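Structure assessment
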Amino acid sequence: MNFETNDEHRMIRKMVRDFAEKEIAPLAEEIDASDQFPHGLMRRLGELGILGMPFPEAYGGSDGDYFGLVIALEEVARVSGSLALILDAHTSLCCEPIYHFGTEAQRQKFLIPLARGEKVGAFGLTEPQAGSDAGATLTRAVRDDDAWVINGQKVFTTNGSAADVFVITAKTDPDKGTRGISSFIIEKGTPGLRLGREEKKMGLNGTGTCALFFENCRIPAENLLGAENEGFKQFMITLDAGRIAIAAMALGLAQGAFERAVAYAKERVQFGRPIAQFQAIQWMVADMATDIESARLMLNKVAWMKEQGLRYTKEAAMLKLLATEVSERVCYKAVQILGGYGYIRDYAVERMYRDQRLCAIGEGTNEIQRLVIARQVLEL
Ligand code: COS
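These notes cover the structure that comes with them. Values in this document were obtained by computation on a predicted structure and should not be read as measured data.

Structural notes on the site of the ligand
As a matter of local geometry, the ligand sits amid 23 residues, with Ser 132, Arg 179, Lys 233, Arg 243 and Arg 375 nearest to it. Contact distances for the ligand include 2.9 Å between an oxygen atom and a backbone N or O atom of Gly 364. For the ligand, an oxygen atom lies 2.9 Å from a polar atom in the side chain of Arg 375. When the ligand is considered free in solution it has 1,000 Å² of accessible area, and contact with the protein chains removes 73% of it. When residues of the shell around the ligand are traced back to their parent elements, those giving at least two are helix H6 (231-267) and helix H10 (366-377). The element best represented in the shell around the ligand is H6, accounting for seven residues. Looking at the shell around the ligand, its residues break down into 10 nonpolar, six polar and seven charged. Two domains each donate at least three residues to the shell around the ligand, and these are domain 2 (123-229) and domain 3 (232-378).

Shown next, in the form of structure tokens:
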């Protein structure tokens, strides 16, 4: 068994870490405080080949793999959860389905500028009444000559207010349940597409999260993504990979908070010595390190399964469950170690603790992950 990542992956980690420390970290606090979408950093992620990591050069990508994207996500999240979520939604949730299910023309038209960072992508699945029950979608697409006409609403769309390209789902055959849903590509500025106000969130600010409203939104027939009525399976497959991505993001946030807590514990003097010398702190640090190591091992395993072309639905759900609970525990302890300083905005662990909270909710709540795991284990 080889637990080492390869040379290329080590190179990606170093490249993204350097970039993250030099260019993302100095802006992370401002992104959180201003709640402004970081367009400049997105363009830089495109220039560095990070947005197009898993795609061939012919589609504007950098000929890497999903494992490389996972490493990049972890390194970006280590300094900015917001930018990591933006990268996840753009590449893993919007570009990936276009690459896997799109026609050659769709790849040429949409994937290339997205992978290069010339455009921003978003993914609209969740609706007011269709969260965990993703099949309960009410948004409707009706064929009309050479067009699809879409009516309905999406909520909580990450990158929504900044996006140029949206991959969304809509019912095309309402009597067929999950077998009557299709995916579509919609461009910003299409008449009938209206953006809601940006949501004020607990954390992960600057991600342009908003609702999308479709009011007789008419898109060309060729913007159907993949086969008609195959949308549910497509986004289940997309979310399997997305759950690896959100786990990487949770782990990166845990890693960032852990490093800050360790540095603080070595410097902070109380009762005449650094608090790192007290067993109360040592035990927390030991638990944090163990948690992070176990989540990273699982992350590497599931990313490897994906690269091997193995089915990894159950393992991705386990990974997301594990990594996000690890992140909660680690960030909680980081705040605890910093004490009063951990609770104020001047210290990044406060932001990381808020940011990680979404990871147990987005891309399927941890309760849905348990359901996915239990269904497979019990063969239900
Ligand atoms: N890969 C491929 N196909 C899958 C799949 C997967 N991971 N999961 C389900 N499918 C297929 C099933 O095989 C089934 O196919 P058939 O119609 O041919 O039988 C179909 O999809 C329906 O599956 P199922 O019956 O399991 O659907 P449910 O309505 O019971 O829903 C859950 C399943 C709850 C797992 C799904 O709705 C879900 O993941 N919800 C969470 C949504 C989510 O993550 N939202 C966050 C969005 S953040 S952008």
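Quick look at unusual backbone geometry
At Asn 159, a residue that is not glycine, the phi angle is positive and equals roughly 70 degrees. Mapped onto the elements of the fold, Asn 159 is located in the loop between strand S3 (147-157) and strand S4 (165-171). The phi dihedral of Glu 363 is positive, around 55 degrees, even though this residue is not glycine. Mapped onto the fold, Glu 363 is located in the loop between helix H9 (348-356) and H10. On the accessibility criterion, Glu 363 (12% relative accessible area) is buried.

Considering the packing of aromatic side chains
Inspection of the entire model under this criterion finds eight aromatic pairs. Ring centres of Tyr 264 and Tyr 341 lie 6.4 Å apart, and the angle between their planes is 55 degrees; on these two criteria the pair is classed as tilted. Residue Tyr 264 is located in helix H6, and its partner Tyr 341 is located in the loop between helix H8 (313-338) and H9; the two are separated by 77 residues in the primary sequence. The exposure class assigned to Tyr 264 is buried, which follows from its relative accessible area of 13%. Residue Tyr 341 is classed as partly exposed on the basis of its relative accessible area of 36%. A network of ring pairs unites the aromatic residues Phe 55, Tyr 59 and Tyr 99 as a single cluster. Between Arg 194 and the ring centre of Phe 213, over which it is positioned, the NZ or CZ distance is 4.5 Å. Above the face of the Tyr 66 ring, Lys 306 is positioned so that its terminal group lies 4.8 Å from the ring centre.

How each quantity is defined
Residues numbered from 1 in each chain as written. Predicted model: local features only at pLDDT ≥ 70, side-chain atom pairs only at ≥ 80, totals over all residues. Heavy atoms only, no water. Near = heavy atom within 4 Å. Polar contact = N/O pair within 3.5 Å; in protein donor to acceptor, adjacent residues only side chain to side chain. Areas by Shrake-Rupley, 256 points an atom, 1.4 Å probe, with all protein chains shown as cover. Helix = DSSP H or I, 4+ residues; strand = E, 2+ residues; numbered from the N terminus. Nonpolar A, V, L, I, M, F, W, Y, C, P; charged D, E, K, R; others polar. Domains from an automatic or database assignment. Buried < 20%, exposed > 50% of the residue type's maximum accessible area, 1.4 Å probe, protein only. Phe/Tyr/Trp six-rings, centres within 6.5 Å; stacked < 30°, edge-to-face > 60°. Lys NZ or Arg CZ within 6 Å of the ring centre and 35° of its normal.

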